[in-house]
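Examining the three-dimensional arrangement
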Amino acid sequence: MESPPSTKKIGQGGGSSESGGSESGAEEKGCSRTRFEYFGWVYHLGTNSIGREFCHLRFLYIRGKYVMMYKRDPHENPGIKPLRRGVAGNTLMVEELGRKKVNDGDLYVLRFYNRLDEEKKGEIACATAGETRKWMEAFDQAKQQAEFELSQSSTRHRLSMENEIDLEGRRPRVRRYAHDLKKLIRIGHGPESLVRRSSNLGRHQRSNEFMEGDAADVVEAHEWRCVRTINGVRLFEDVSDNKSRSKTVLVKAVGVVDASPDTVFEVVLNVDRHRRYEWDALTGDLELVDSLSGHSDVVYGSYDSKCLTRWQSKRDFIFSRQWFRGQDGTYTILQFPAMHKKHPPKSRHQRIKINPSSWEIRNLRASVGSHGDRCLVTHMLEIDSRGWFKWKCGQGSKFENSIPYALLNQVSGLKAYIGASPGLTSESSTTLVTSKGSDVSGSISEFEDAEVAEEFYDAIAADSSSSSSSDDEDDENTQLDSKGQRVKLKNVSWAIARLALTAKKAMDGSHELDPNVEPVNLDSSLFHASMHKGKSESDANCWTSPSGAGFKIRGKTYMKDSAKVAGGDPLLKLIAVDWYKLETSRSKVALHPKSLVQSEAGKKLPFILVVNLQVPSKPNYSLVMYYAADRPVNKGSLLGKFIDGNDAFRDSRFKLIPSIVQGYWMVKRAVGTKACLLGKAVTCNYLRQDNFLEIDVDIGSSSVARSVIGIVLGYVTSLVVDLAILIEGREEKELPEYILGTVRLNKVKLDTAVPLEG
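Please read these numbers as outputs of a predicted model, since none were measured by experiment.

**Concerning the sheet that holds strand β29 (residues 720–727)**
Pairing is antiparallel in the open sheet, where five strands are placed in the order β19-β30-β29-β25-β26. Each having just a single partner strand, β19 (542–544) and β26 (676–677) make up the two edges of the open sheet. Sheet topology note: the β29/strand β30 (residues 741–746) ladder contains six bridges and is antiparallel. When the sheet's bridge partners are listed, Ala 724 is paired in β30 with Thr 742.

Below is the structure:
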């Protein structure tokens, strides 16, 4: 399939230009709340009743908590009934699966599932990573709407767990599929002909769920010094703890690119040589060797070394790539040297190893009076220290003809290429107009009046009574408008989240524990677990509890100026850590007879927070941390509200900040330094009993988290990792935030994990 024009951004395989989302915030008649809307074209992926995979272009519409899927745009086809419909309840989870090959083209897939029953699931896909991000944010807003209605007791129909959605897309009858799937996404006859402008959800106002500011949430371990500026790009070296005998040095190139992070990410990841020749002077000839998962692949490349020096022969290389997108929208791409049996060394080529490197693409907040998107692009790599220091000191010019220098110059090429290609950024322009109502309000009102509202992951698989028998059979005779369909972009409002927050009574964050009760003794030597507490920094395979000074948390004025401050001492004390290995992942470890919670000493404690990090591997591991309060928790405090609140509230507030204190720099880049709302990233289950709350964090529930933990486990015996947990403050009266608990894991050995029987 030939590559589409760059203005369409079809994603190599015929997907539509960004899926075409739109958003709206329309005021409901007779109702004081603001209704959130988002709609656009997506692909519905699944397997039918005879086991055949399908990929259908569908129009997805979110209004408030309600989700509808149409065969055609309801704005242009008044009265059309939805093929499927449901609600986004607080048990709905949305996971980003990454890229998937569909008929020789790449799509970015989102999986929907029930947090309490992962068998109920389904998938949609978009042409670009940016569109998946917007849909994830839209579904998060829909969940907030559902939570708001439940908290206000204003909804007529409470969410029913008996009617939840299986997204696999099966129906009880067999359908006819015309020309298999290839006609659906053939150039000129599929969604690639729908060239539409996409909206940027949250561009004008910040969502608390996804935006955490620009800076890292831990104290920076590296000390960067600018050594040169070339073509508007700054070159830095890491001068922290610089050892004279070190064979390598960490350097990076940093530049500002006038485009969104989504656009830059697509350009960097694209291996199409015709596009890559436009900006990449060294690794323009790339070939995809293998797709390992939706977030990783293996790439083969070659180059003629005469472009660097006159006498050298042709060279080739293989490297693997892994990419992640953080909750703040920052993209990270890790590139490691690799080997692959499909590409042994070629004759007349010298096989080399490309330096380990990483890309970070982070959004820059628009300044007053600025127009368009801007992002900060950082390309970091590890290079030989001898050549670097000679070049930096002006003792030689050979570095300009080296591979590391050519790699650093990729940022300059990227900046110039995107600046000279307005078509790359014009697709993401947004047009906002004011609207008094919705064009499809009739069909939605009918849906809202229904007796039972199915969950979305059920509805997308159910046989919709409103769809005719010819809905899918008509696909072979349907040719979409080649001029593109109209997308109505309306004024977006984020009032749902604000209403949900302000409707609840603000809690006093300075009185989390009862000051009128005498504190109990929390001597950790009285509590025994499988991992021992470290006595000095030289101890290995142990835990300690550092202060919160190394972490940055929201300060008192955060709502006004986004200022963060250093954390203080943890509110809860870490008294023990268990390190278990299991054949299958296990929750509710606090109920096990061997658990500290079930001991006599544990039962006497006022409150214990048990955090069970379930690590997917062979075998599986569980890192169980026990945090204790020396006094009872105030019921009216933010912590009390978290302990006794519902799961939706816990998911939206439980935050973890990671920090690799010591370890390989690529692992640090993989783990990152940003706070993560765990309930938004992975599945968290909660158990509240007696004097404890257990939080089971299923790291394996996210493909991205599985990739990251795979990298960490490969280096775990040389890592010193700090973790901080806290409850996110959303209102002025909940600020400043406080550190709930910390842990330092010092060079953990996998083979010391003990089995947990029974």
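So that's the structure; there's more coming.
**Some thoughts on helix α6 (residues 410–419)**
Because each turn of an α-helix spans 3.6 residues, side chains separated by three or four positions end up pointing in the same direction. α6 sits mainly inside the fold: seven of its 10 residues count as buried. Among the residues of α6, those classed as buried are Gln 410, Val 411, Ser 412, Gly 413, Leu 414, Tyr 417 and Ile 418.

**A closer look at the pattern of salt bridges**
Evaluation of the coordinates by the stated rule reveals 31 salt bridges. We note a salt bridge from Glu 123 to Lys 100, for which the minimum N-O separation is 3.9 Å. Note that Glu 123 is positioned in strand β8 (residues 117–126) and Lys 100 in strand β6 (residues 92–102), a separation of 23 residues in sequence. Note on Lys 100: relative accessible area 34%, which makes it partly exposed. For Arg 133, the salt bridge identified is with Glu 137, shortest N-O distance 3.5 Å. Here Arg 133 and its partner Glu 137 are both found in helix α1 (residues 129–152), four residues apart, which amounts to about one turn of the helix. Each member of the pair Arg 133 and Glu 137 is classed as buried.

**Examining the sheet that holds strand β24 (residues 620–629)**
Each strand in a sheet pairs with its neighbour through backbone hydrogen bonds, running either in the same direction (parallel) or in the opposite one (antiparallel). If you trace the six strands from one edge of the open sheet to the other, you get β27-β28-β23-β24-β22-β31, paired in mixed fashion. Every interior strand has two partners, whereas the edge strands, β27 (683–689) and β31 (754–755), have only one. Here nine bridges tie strand β22 (residues 573–582) to β24, and the two strands are oriented antiparallel to one another. Note on β24: the bridge partner recorded for Trp 579 is Leu 623.

**Focus: the packing of helix α2 (residues 261–269) against α6**
Remark: α2 packs on α6, axes separated minimally by 12 Å, with the N-to-C direction vectors making an angle of 120 degrees. Like other packed secondary-structure pairs, α2 and α6 cross with a definite hand, here right-handed. Residues Val 264, Val 267 and Val 268 of α2 form the contact with α6, whose participating residues are Leu 414, Tyr 417 and Ile 418. Grouping the constituent residues of the contact of α2 with α6 by class yields six nonpolar, no polar and no charged.

**Thoughts on the side chain of Asn 620**
Looking at the element boundaries, Asn 620 is found in strand β24. Polar side-chain contacts of Asn 620 include one of 3.0 Å to the backbone oxygen of Glu 583. At a separation of 3.5 Å, a polar atom in the side chain of Asn 620 contacts the main-chain amide nitrogen of Ser 617.

**So, unusual backbone geometry**
With the exception of glycine, the majority of residues adopt a negative phi angle, and the majority of peptide bonds are in the trans configuration. Of the consecutive residues Lys 618 and Pro 619, the connecting peptide bond is found in the cis state with omega at 0 degrees. Mapped onto the secondary structure, Pro 619 falls in the loop between β23 (607–615) and β24. Residue Pro 736 is bonded to the preceding Leu 735 through a cis peptide linkage, with omega at 0 degrees. One non-glycine residue with positive phi stands out, namely Asn 231, at about 55 degrees. Mapped onto the fold, Asn 231 is located in the loop between β9 (224–230) and β10 (233–238). Exposure remark for Asn 231: the relative accessible area of 59% places this residue in the exposed category.

**So, the pairing of strand β28 (residues 692–698)**
Most of β28 sits inside the fold, with seven of its seven residues counted as buried. Across the two faces of β28 the burial is the same, with Phe 692, Glu 694, Asp 696 and Asp 698 and Leu 693, Ile 695 and Val 697 all buried. Relative to β28, β23 runs parallel, the two being bridged by seven bridges. Directly across from Gln 614, in β28, lies its bridge partner Asp 698. Examined bridge by bridge, β27 and β28 share seven bridges and lie antiparallel to one another. Bridged to Asn 685 within β28 is Asp 696.

So, how was this worked out
- Residues numbered from 1 in each chain as written.
- Predicted model: local features only at pLDDT ≥ 70, side-chain atom pairs only at ≥ 80, totals over all residues.
- Heavy atoms only, no water.
- Pairing = 2+ DSSP bridges.
- Helix = DSSP H or I, 4+ residues; strand = E, 2+ residues; numbered from the N terminus.
- Buried < 20%, exposed > 50% of the residue type's maximum accessible area, 1.4 Å probe, protein only.
- Salt bridge = Lys/Arg side-chain N within 4 Å of Asp/Glu carboxyl O.
- Axes fitted to C-alpha atoms, helices over the stretch in contact; angles between N-to-C directions.
- Left-handed = near helix turned anticlockwise from the far one by under 90°.
- Contact = heavy atoms within 4.5 Å.
- Nonpolar A, V, L, I, M, F, W, Y, C, P; charged D, E, K, R; others polar.
- Polar contact = N/O pair within 3.5 Å; in protein donor to acceptor, adjacent residues only side chain to side chain.

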